[in-house]
Amino acid sequence: DTEVTQTPKHLVMGMTNKKSLKCEQHMGHRAMYWYKQKAKKPPELMFVYSYEKLSINESVPSRFSPECPNSSLLNLHLHALQPEDSALYLCASSQEGSGANVLTFGAGSRLTVL
Amino acid sequence: GIQVEQSPPDLILQEGANSTLRCNFSDSVNNLQWFHQNPWGQLINLFYIPSGTKQNGRLSATTVATERYSLLYISSSQTTDSGVYFCAALSSGSARQLTFGSGTQLTVLP
């Protein structure tokens, strides 16, 4: 079992749908991350929240909207996605967001956009 | 930014064999981590090892920071070791986040 919980595990959505991915951790970590991973590629950083504030946005299209309601929760709101956005979305957390910390990943949410 | 290269890209082993995976990086680092991604996508942190040597059961890792490489050793491999192994590094003094290598796909045959 992972200490970072992601829901749902699988999501299929149309290009006009609005959906959300959720991530939760109870390790007291103050930094949370969203990564996107395409098949046979390494994870690509999308967003970093540090102490509930967005600290890094890696030029992600606005159809992806992150939200950090509190230090334990991280959401990724999805709207008007494209088929090429189909991927594995990974959430991670670390003690702080300085980059020199150990990342703990969730099991991922596998997204298919039709 | 820092470049992270892993080799070999693919590795097929018979169960019980030993293997060495390599990670080269282009700059001095203050963070280097090895991850295992299982076939279902779960990424597990194996080692945090910006320098020195660590061991955890059948796995061990060594980072020679002055020569800018890290090695992951897997001994007596098992089928459950199959998956992709990623190395990720962060330059010393960088305000950015970890850069992942392209991974080594390991297949252990029964």
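## Focus: the side chain of Ser-94 of chain A
With respect to the helices and strands, the residue Ser-94 of chain A is situated in strand S9 (residues 87-94). A polar atom in the side chain of Ser-94 of chain A sits 2.7 Å from the side chain of Tyr-33 of chain A.

## A closer look at the sheet that holds strand S1 (residues 4-7) of chain B
All names here are of chain B. Across the sheet, which stays open at both edges, the five strands sit in the order S1-S3-S8-S7-S6 with antiparallel pairing between neighbours. The outermost strands of the open sheet, each flanked by one partner alone, are S1 and strand S6 (52-56). Between one strand axis and the next, the sheet turns by 15° as a mean value, whatever way the strands run. Where S6 meets strand S7 (residues 59-64), five bridges bridge the pair, whose relative direction is antiparallel. If you follow Thr-53 over to S7, its bridge partner there is Thr-62.

## With respect to the interface of chain B and chain A
Chain B puts 19 residues into the contact, and the matching count from chain A is 24 residues. Between chain B and chain A, roughly 1600 Å² of surface is buried when both sides are summed, and carbon and sulfur atoms account for 54% of that area. When residues of chain B are sorted by the area they lose upon contact with chain A, Gln-42, Gln-97 and Phe-100 of chain B head the list and together hold 34% of the total. Taken together, chain B and chain A are joined by zero salt bridges. At the level of secondary structure, the elements contributing two or more residues to the side of chain B that touches chain A comprise strand S4 (29-37), strand S5 (43-48) and strand S9 (83-91) of chain B. No other element matches S4 of chain B, which puts five residues into the side of chain B that touches chain A. The residue inventory of the side of chain B that touches chain A, partitioned by class, reads eight nonpolar, 10 polar and one charged.

Definitions and cut-offs
- Residue positions are given per chain, counting from 1 as you read along its sequence in written order.
- Each chain takes a letter, starting from A, and each ligand takes a number, starting from 1, following the order in which they are written.
- Whole-chain, interface and lining totals are the exception, using all residues; otherwise, since this is a predicted model, local features are given only for residues with pLDDT of at least 70 and side-chain atom pairs are given and counted only at 80 or more.
- The side-chain figures draw on all heavy atoms in the structure; neither hydrogens nor water molecules are used.
- Secondary structure elements follow DSSP: runs of H or I no shorter than four residues count as helices, runs of E no shorter than two count as strands, and numbering proceeds from the N terminus.
- Two N or O atoms count as a polar contact when they lie within 3.5 Å, although within protein this holds only if one can serve as hydrogen donor and the other as acceptor, and sequence-adjacent residues are included solely when both atoms are side-chain atoms.
- The pairing criterion is simple: DSSP has to find at least two bridges between the two strands.
- Interaxial angles span 0 to 180 degrees and are taken between N-to-C directions of axes, which are lines fitted to C-alpha atoms, for helices over the stretch in contact.
- Whether two residues are in contact is decided by their heavy atoms, any of which lying within 4.5 Å being enough.
- Buried area: the accessible surface (1.4 Å probe) lost by two parts on joining, summed over both.
- We define a salt bridge as a side-chain nitrogen of Lys or Arg found within 4 Å of a carboxyl oxygen belonging to Asp or Glu.
- Note on residue categories: nonpolar means Ala, Val, Leu, Ile, Met, Phe, Trp, Tyr, Cys or Pro, charged means Asp, Glu, Lys or Arg, and polar means any other residue, Gly included.

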